[in-house]
Amino acid sequence: MSKPEPVLKETIAVGGMTCAVCAASIEKVLEILRKANPNPQTELKFASPWQLLVAAVLSAQSTDVQVNKVTSALFARYPGPAEMAALTEEQLASEIKTLGLYRHKSRYLLATAQLIMERFNGKVPSTREELQSLPGVGRKTANVILAAAFSVPALAVDTHVFRVAGRLGLAKAHTPEEAERQLTRVIPRHLWTSAHHWLVLHGRYVCLARRPRCGICLLCSFCCYYSEENRKD
Ligand code: SF4
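About the thresholds
- Residues numbered from 1 in each chain as written.
- Predicted model: local features only at pLDDT ≥ 70, side-chain atom pairs only at ≥ 80, totals over all residues.
- Helix = DSSP H or I, 4+ residues; strand = E, 2+ residues; numbered from the N terminus.
- Buried ≥ 20, exposed ≤ 12 C-beta atoms within 10 Å, placed from the backbone.
- Contact = placed C-beta atoms within 7 Å.
- Core = buried A, V, L, I, M, F, W, Y, C linked by C-beta atoms within 7 Å.
- Domains from an automatic or database assignment.
- Expected span 1.5 Å × (residues − 1).
- Near = placed C-beta within 6 Å.
- Nonpolar A, V, L, I, M, F, W, Y, C, P; charged D, E, K, R; others polar.

Caption draft 1: Geometry of the overall build of the protein. Counting its secondary structure elements, the protein contains 12 helices and 2 strands. Its helices and strands in sequence order give the protein the pattern β-β-α-α-α-α-α-α-α-α-α-α-α-α, from N to C terminus. Here the protein holds 233 residues, and the buried ones make up 39% of them. Counting contacts in the protein only where the partners sit at least 6 residues apart, residues at least 24 apart contribute 60% of the total.

Caption draft 2: Seen up close, the nonpolar core. In terms of nonpolar packing, the biggest core is built from 62 residues, with Leu-53, Ile-145, Leu-155, Ala-165, Leu-168, Leu-183 and Ala-195 touching the most fellow members. Residue contributions to this core peak at 8 residues, all from helix α2 (residues 49-58). Both domains that meet at this core, namely domain 1 (12-40 + 155-232) and domain 2 (49-123), each give it at least three residues. Discounting chain neighbours no more than four positions away, the residues touching Ala-165 are Leu-170, Ala-171, Ala-179, Leu-183 and Leu-199.

Caption draft 3: View of helix α8 (residues 139-150). Taking 1.5 Å per residue, 12 residues should reach 16 Å; α8 reaches 15 Å between its end C-alpha atoms and fits that length. Most of α8 sits out of view: 9 of its 12 residues are buried. Where α8 is concerned, the buried positions are Lys-140, Thr-141, Ala-142, Asn-143, Val-144, Ile-145, Leu-146, Ala-147 and Ala-148. Buried positions along α8 lie against α2, α7 (128-132), α10 (176-186) and α11 (192-205).

Caption draft 4: Local environment of unusual backbone geometry. One non-glycine residue with positive phi stands out, namely Leu-101, at about 60°. With respect to the helices and strands, Leu-101 occurs in the loop between α5 (89-95) and α6 (102-119). Of note in this structure, Asn-121 is not a glycine but carries a positive phi near 60°. Mapped onto the secondary structure, Asn-121 falls in the loop between α6 and α7. When the 8 C-beta atoms within 10 Å are taken as the criterion, Asn-121 is described as exposed.

Caption draft 5: Molecular detail of the site of the ligand. The environment of the ligand is made up of 14 residues, and the closest members are Cys-207, Cys-214, Cys-217, Cys-223 and Tyr-226. Only α9 (159-168) and α12 (224-232) provide two or more residues apiece to the shell around the ligand. Element by element, the count of residues in the shell around the ligand is highest for α9, at 3 residues. Here the shell around the ligand is composed, by residue class, of 12 nonpolar, no polar and 2 charged.

Caption draft 6: Summary view of the environment of Leu-53. One can find Leu-53 in helix α2. Under the C-beta neighbour-count criterion, Leu-53 is labelled buried, with 27 such atoms within 10 Å. Taking the C-alpha atoms as reference points, Leu-53 and Val-137, separated by 84 residues in sequence, lie 8.3 Å from one another. Every residue in contact with Leu-53, bar those within four places of it in the chain, is listed here: Val-124 and Ile-145.

Next comes the structure, spelled out in structure tokens:
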């Protein structure tokens, strides 16, 4: 087994200045999150790379709970790309109509199912380049699939990761891509996938977008947002 990479002690530029608190806290933040949840997993339900791809595409602007509800019926009837590729766009749209953007999603998924059947022999490809060549699969979704379906270390930056990493001072970025670059510079590769899940779950249940639950948060002592808010009082 290869030796785990050390956590980098690199400092992080915050608004053009160096934030020593953030730089010192990365290791502690990751350790606290690891202790609270040693084996973090996605909350999306799937039984194959194809089903994960479908669930990940459907999760745009929808919660995992909503997606799981839709996919449990969808996958029972259409478990693989061959079954989905045989549907019409209208049939697929009606299967997923309780989710936001369902018309776009049905168009993308149908085109993706057909491409996977034609170009990839019915199998979801396992490289970033091939994944991102599929309709509806951007960098974030490709990262989710690489990590959860193919065990390739990847740090997908969704809205939760972006917000929580920003508040904690782990990444001060204007775009998810920039945040991913900053996070993967300071988090060791073997922790990328877990760090994604930890930050997603923390954002979903504790560091909520509108009203972060700082009172129950284990990370207050290491949080830029918390320290700024309390400095104002
Ligand atoms: S202290 Fe508050 S803002 Fe900071 S990570 Fe925790 S919940 Fe989020």
